[in-house]
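These are the residues of each chain, in order.
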Amino acid sequence: MKILLAGDSTVATCPTHEYPMSGWGAQLPPLVYSRASVHNLAKGGASTESFRDEGLWAALLAEASEGDTVLIQFGHNDQKKQHLAARTGYAANLRTMVGEVRDRGAAPVLCTPVERRHFVAGPPSSVRGGRLEDSLEDYPEVVREIALELAVPLIDLNAWTRELYLRRGRDGSEALFCHFAPGEHAYWPDGLADNTHFSQDGAATVAAFVAGKLSGLGLPGPAPEGAALTGTTAGRA
């Protein structure tokens, strides 16, 4: 059985020179390998349109077969294109993807796009302080609506990551992302403050949530206790 992933850089396996940057899909295999193999076709910069145009969607469908699971998470790059607005091009592309996965006999699962860590000034949203920007506009809500409309399982990563960042707070949530001081990372010698792309810890935390939700949906979920690789912080939230 296979779990196939379609998405952008927040899902993808990042280039080795960007370590420890990671998409959550790269951290999923240690959690599910005894039940399903993970095929991560997600790519940095991908939208629902470019993923098809570059042949990645065709490659995914060629691998998908009856009984497999296909997780779909886009939005970060669609919102940069006017013709891929949430309720027009983006929604149409998601509906087409769901139909094509079902035509292969596989099970589509829609994921709302993970939130960016954009704390802004204003009334606090939690006891730990801070307020999160809704950086993805109405894209997450459209995914929820389509999941309901087409009776597709939904993993609401946007709502969950928002709650995660607020629970950890402005300072505590920073470790989930890639922040480097000048001179700390050879690839970014001037430093980096990236609140979109996960660190190993952040990606593993999201992957653990995804694995748990898959299990709850009756799909390939976490490996039996003790089977996953040790030394990970995936279970900590």
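Note that the structure is a prediction, hence the values are computed from the model and not measured.

*Asks:* Help me out: how do you make sense of the nonpolar core in this one?
*Replies:* Inside soluble globular proteins, nonpolar side chains tend to come together where they are buried. Ranked by size, the top nonpolar core spans 32 residues in total, and within it Trp24, Leu28, Leu71, Ile155, Leu157 and Val210 carry the most contacts. Every element with two or more residues in this core is listed here: strand E1 (2-7), helix H1 (29-32), strand E4 (107-111), helix H6 (157-172) and helix H7 (200-216). In terms of residue count, H7 provides more of this core than any other element does, seven residues in total. Apart from the residues within four sequence positions on either side, Leu28 is in contact with Ile3, Leu5, Val38, Ala207, Val210 and Ala211.

*Asks:* For this particular structure, what's the right way to read the sheet that holds strand E7 (residues 154-155)?
*Replies:* Hydrogen bonds between backbone atoms are what pair the strands of a sheet, whose relative direction is either parallel or antiparallel. The five strands are arranged E2-E1-E3-E4-E7 in an open sheet whose pairing can be described as parallel. Only two strands of the sheet have a single partner each, and these edge strands are strand E2 (37-40) and E7. In the sheet, strand E3 (residues 69-73) pairs with E4 via four bridges, with the strands oriented parallel. When the bridges of E4 are listed, Val70 appears paired with Pro108. Relative to the sheet, helix H5 (residues 139-150) contacts E4 and E7, its axis offset from that of E4 by approximately 150°.

*Asks:* Explain the environment of Val120 here, please?
*Replies:* By secondary structure assignment, the location of Val120 is in strand E5 (residues 119-120). A sequence separation of 13 residues divides Val120 from Glu133, and the C-alpha atoms of the two residues are 6.3 Å apart. Apart from the residues within four sequence positions on either side, Val120 is in contact with Arg131, Leu132, Glu133 and Arg170.

*Asks:* Looking at this structure, how should I read unusual backbone geometry?
*Replies:* Glycine aside, residues mostly have negative phi angles, and peptide bonds mostly take the trans form. The residue after Tyr19, namely Pro20, is reached through a cis peptide bond having omega 15°. With respect to the element layout, Pro20 can be found in the loop between E1 and H1. Phi is positive for Ala151, close to 55°, though the residue is something other than glycine. Assignment of secondary structure puts Ala151 in the loop between H5 and E7. Residue Ala151 is classed as exposed on the basis of its relative accessible area of 60%.

*Asks:* I would appreciate a short explanation of H7 in the present structure.
*Replies:* For the α-helix, the turn length of 3.6 residues means that residues three or four positions removed from each other point alike. Taking 1.5 Å of rise per residue, 17 residues should cover 24 Å, and H7 covers 24 Å from first to last C-alpha, within 8% of that figure. What H7 keeps buried is the set Asp201, Gly202, Ala203, Ala204, Thr205, Val206, Ala207, Phe209, Val210, Ala211 and Leu214. Tucked inside the fold, the buried residues of H7 contact E1, H1, E3, E7, H6 and strand E9 (192-198).

*Asks:* For this particular structure, what's the right way to read the side chain of Asn195?
*Replies:* Its location among the elements puts Asn195 in strand E9. Reaching out from Asn195, the side chain makes a polar contact with the side chain of Arg117 at a distance of 2.6 Å. A polar contact of 2.8 Å, which involves the side chain of Asn195, links it to the side chain of His179. For Asn195, the residues in contact, after removing those within four places along its chain, are Arg116, Arg117, His118, Phe177 and His179.

*Asks:* Sorry if this is basic, but what is going on with the pairing of E3 here?
*Replies:* Across the five residues of E3, five count as buried, placing the element largely inside the fold. Where burial is concerned, the two faces of E3 agree: the one with Thr69, Leu71 and Gln73 and the one with Val70 and Ile72 are both buried. Bridge analysis of E1 against E3 gives five bridges, and the strand direction is parallel. In the strand pairing of E3, Ile3 is matched with Thr69. Between E3 and its parallel partner E4, the chain crosses via helix H4 (residues 86-103), and the hand of that crossover is right-handed.

*Asks:* Which parts of the structure should I look at to understand the state of the cysteines?
*Replies:* Covalent bonding between the sulfur atoms of two cysteines defines a disulfide. Inspection of the entire model under this criterion finds zero disulfides. Cysteine Cys14 remains unbridged, with the sulfur of Cys178 as its closest cysteine sulfur at 7.6 Å. Looking at Cys14, the relative accessible area reads 16%, which means it is buried.

*Asks:* Just checking my understanding: could you explain the pattern of salt bridges for this structure?
*Replies:* When the charged atoms of two side chains lie near each other, side chains of opposite charge can form a pair. Within this structure, the stated rule accounts for twelve salt bridges. Its salt-bridge partner being Lys2, residue Asp68 comes within 2.9 Å of it at the nearest N-O pair. Taken as a pair, Asp68 in the loop between helix H3 (56-63) and E3 and Lys2 in strand E1 lie far apart in primary sequence, 66 residues in all. Pair check on accessibility: Asp68 and Lys2 agree, each one buried. Residues Glu149 and Arg95 are paired through a salt bridge, measuring 3.0 Å at the closest nitrogen-oxygen approach. Of the two residues, Glu149 sits in helix H5 while Arg95 sits in helix H4, which places them 54 residues apart along the sequence. On the accessibility criterion, Glu149 (47% relative accessible area) is partly exposed. One continuous salt-bridge network, built from bridges that share partners, spans Arg87, Asp138 and Glu145.

Conventions used here
Residues numbered from 1 in each chain as written. Predicted model: local features only at pLDDT ≥ 70, side-chain atom pairs only at ≥ 80, totals over all residues. Heavy atoms only, no water. Core = buried A, V, L, I, M, F, W, Y, C linked by side-chain atoms within 4.5 Å. Buried < 20%, exposed > 50% of the residue type's maximum accessible area, 1.4 Å probe, protein only. Helix = DSSP H or I, 4+ residues; strand = E, 2+ residues; numbered from the N terminus. Contact = heavy atoms within 4.5 Å. Pairing = 2+ DSSP bridges. Axes fitted to C-alpha atoms, helices over the stretch in contact; angles between N-to-C directions. Expected span 1.5 Å × (residues − 1). Polar contact = N/O pair within 3.5 Å; in protein donor to acceptor, adjacent residues only side chain to side chain. Right-handed = clockwise from strand over helix to strand, strands pointing away. Disulfide = S-S within 2.5 Å. Salt bridge = Lys/Arg side-chain N within 4 Å of Asp/Glu carboxyl O.

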